[in-house]
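Spelled out, the chains give:
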Amino acid sequence: MEKIVSLSKRRGFVYQSSEIYGGLNGCWDYGPLGVELLRNIKEQWWRAMTYRKDVEGIDASILMHPRVWEASGHVANFTDPMVDCRECKSRFRADQLEDALCGSPAYKGRKAVKCQADGKFTEARQFNLMFKTHIGPMEDSTEVVYLRPETAQGIYVNFLNVQSASRQKPPFGIAQIGKAFRNEINTRNFLFRTREFEQMEMQFFVKPGTDEDWFGYWKRERLSWFVSLGMKEAKLQYHRHEPDKLAHYAKDAYDIEYEFPFGWGEIEGIHNRTDFDLTRHEEFSGKSMKYFDEQTKERYTPYVIETSAGASRSFMAFLVDAYREEEAPTGDGKMETRTVLGLHPRLAPVKAAVFPLVNRDGMPEIGKKIEEAIRPHFRVFYDDSGAIGRRYRRQDEAGTPFCLTVDSQTLVDQTVTVRERDSMKQERVGMDMIVTYLRERIQAE
Ligand code: GAP
C-alpha cells in the first residue's frame, strides 16, 4: 500500500486534502491523472448501467428533506458503536479496537502505536454517522438537514416521477452517481474508508416474487463488470452477509470483495431491499409509492434489488490491481525494474504519448502534429525530454497504454513506432491512421 500511496502522490493521482494545513482526516483530492481515472471508471459504469433499455439515470440533490432519513431508518439505525479512551481521550469504533491508535500527545509526529488502554475504555455508545448541517440562517434543531450517507434515497423518492416520465414498467432500474458523506469514526487504508466519497448506485424495481432471480442476475452482472475492465478474477470474491449482520433494510446481501494488500475488503454491495424503502416513504410522506400495472390491473409496491458500488473504492481496487513491478530490458542488453500500471485502456488516464526520438531533423514538428491530431479524440501527452527508455518508463508508471515514437523511418515513409505498454511489442502504423488505430485498440480490449 505504501508504494501505491507514494506513486499516487508522485504521479498526481491522489493527494491528501488540505495537505499544506496538515491534511483533513478521511478526505482526499484527486490530481490530474486521478481525476481522469475516476471519471473513466464512472463513465464505464454509467454506460454499462444506463445504456440498457431497462435502466434510467438521474442526479438527485445531496441535501434532502430531513424526513427522508427518518423514513429510511438512518436517523435511528445508521450508527456505529463507539468507545472513548479515558487515558488518551481518543475515540474508536468498539468493533475495531485492533486498529485503535493511541492519540496521546507523546506520540505526536512519531509512528503511531496501538492504544494500550485495555480496560480504560468507556462503555460503548451508539454514534450516528450522518453529518448534520443547517438550512437557512437559523442554526436550531428545526432547520437540521443531513449530508446524504447514500445516494439510494434520492432514487426511491423519485421512483414514480421517473417511472411515469420514462414510461418504464417493472422490472426496471434507476441509476445515479454522486457524493455521499459518513462521519466514520475510524478512517483508514487510504481511499478505503473516507468521510466523503462517491457512490455508483442502481435500484432495480421488480414485482415481488421475482426478486430472488433478479438478485442472482445482478450479483453476477456486477462481478463481471469489474472483470470486463481487466480486474483479476482471482482477486474477487463474494461474501454473503449472515442473517444477524444484514442491514436494517435487507432480506439478503452479498458483498463483492477485492483482495487488497491489507486483506479482503468490500467494493460493492448487492442487496435485496424488499419493499422496505418504498413502504416507509409511503408511510412517512402520505403519498402512494405503489405501481399500477395497466395490463393486469394489479397495484403493488415493487421490491428493490440494489447494486451499490463505491467509485472511490473501485478506483483504489483498480489501482492496486493494475500495479506491478517487473524486470524489463533497457534496450542496451541490460535489465532493469520497471513499474507498470496495467490499467485497462478504457480506464487509463492518458491513452497515448507522443515522442520525437531526437530533438532535430523535423521530428518534434511531426510529433506535435500527431499530438494535435489525437487531442480532439483522446487524452494525449507529448514528451521530448530525456532518453527514450526513460520516457517509456514514465508512461508505464502512469498507465499509458500506447507510446508513439517519431524516428528516422517516419521521415521516409510517414509511419511511427507504436509501443504497447504491457507486451512492450512495437509495430509501425501510418501517421494518417493513428486515431483509427487507437480507437480500434481501445475498443477491442
Ligand atoms: N445504499 C447502500 C449502501 O450505501 P454500503 O454497503 O453502506 O451500502 C456501498 O455502501 C458502497 O459504498 C460500499 O461497497 C463501498 O464501496 C462504498 N462505501 C461505503 N462507505 C464508504 C466509505 N466510508 N468510504 C469509501 N467508500 C465507502
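Keep in mind the model is a prediction, meaning the values are calculated, not measured.

**Regarding helix H10 (residues 363–374)**
Inference 1: Here H10 contains 12 residues, and its C-alpha end-to-end distance of 17 Å stays within 8% of the 16 Å for a straight helix at 1.5 Å per residue.
Inference 2: For H10, the full list of buried residues reads Met363, Pro364, Ile366, Gly367, Ile370, Glu371 and Ile374. Each buried residue of H10 lies within a common arc of 160° when the element is viewed along its axis, so the set occupies one face. The exposed set on the far side of H10, more than 90 degrees from its buried face, consists of Glu365, Lys369 and Glu372.

**Some points on the side chain of glutamine 203**
Inference 1: By secondary structure assignment, the location of glutamine 203 is in strand E10 (residues 196–206).
Inference 2: By relative accessible area, glutamine 203 is classed as buried at 0%.
Inference 3: Here tyrosine 156 takes part through its side chain, which lies 2.5 Å from a polar atom of the side chain of glutamine 203.

**Considerations on the pairing of strand E23 (residues 426–430)**
Inference 1: Direction of pairing for strand E22 (residues 415–420) relative to E23: antiparallel, over a ladder of 5 bridges. Across the sheet, the residue bridging to valine 416 is valine 429, located in E23.
Inference 2: Following E22, the chain reverses through 5 residues before pairing antiparallel with E23; methionine 424 in that reversal takes a positive phi of roughly 60°.

**Some remarks on unusual backbone geometry**
Inference 1: Omega for the peptide link from proline 170 to proline 171 comes to 5°, which places this bond in the cis form.
Inference 2: Structurally, proline 171 is set in the loop between helix H6 (159–166) and strand E9 (172–181).
Inference 3: Phi is positive for lysine 297, close to 60°, though the residue is something other than glycine.
Inference 4: Within the element layout of this structure, lysine 297 appears in the loop between strand E14 (291–293) and strand E15 (298–300).
Inference 5: Judged by its relative accessible area of 56%, lysine 297 falls in the exposed class.
Inference 6: Of note in the backbone geometry, glutamine 414 takes a positive phi value of approximately 55° without being a glycine.
Inference 7: By secondary structure assignment, the location of glutamine 414 is in the loop between helix H12 (408–413) and E22.
Inference 8: On the basis of relative accessible area, glutamine 414 is assigned to the partly exposed category, the value being 44%.

The rules behind these values
- Residues numbered from 1 in each chain as written.
- Predicted model: local features only at pLDDT ≥ 70, side-chain atom pairs only at ≥ 80, totals over all residues.
- Heavy atoms only, no water.
- Helix = DSSP H or I, 4+ residues; strand = E, 2+ residues; numbered from the N terminus.
- Expected span 1.5 Å × (residues − 1).
- Buried < 20%, exposed > 50% of the residue type's maximum accessible area, 1.4 Å probe, protein only.
- Arc of directions from axis to C-beta.
- Polar contact = N/O pair within 3.5 Å; in protein donor to acceptor, adjacent residues only side chain to side chain.
- Pairing = 2+ DSSP bridges.

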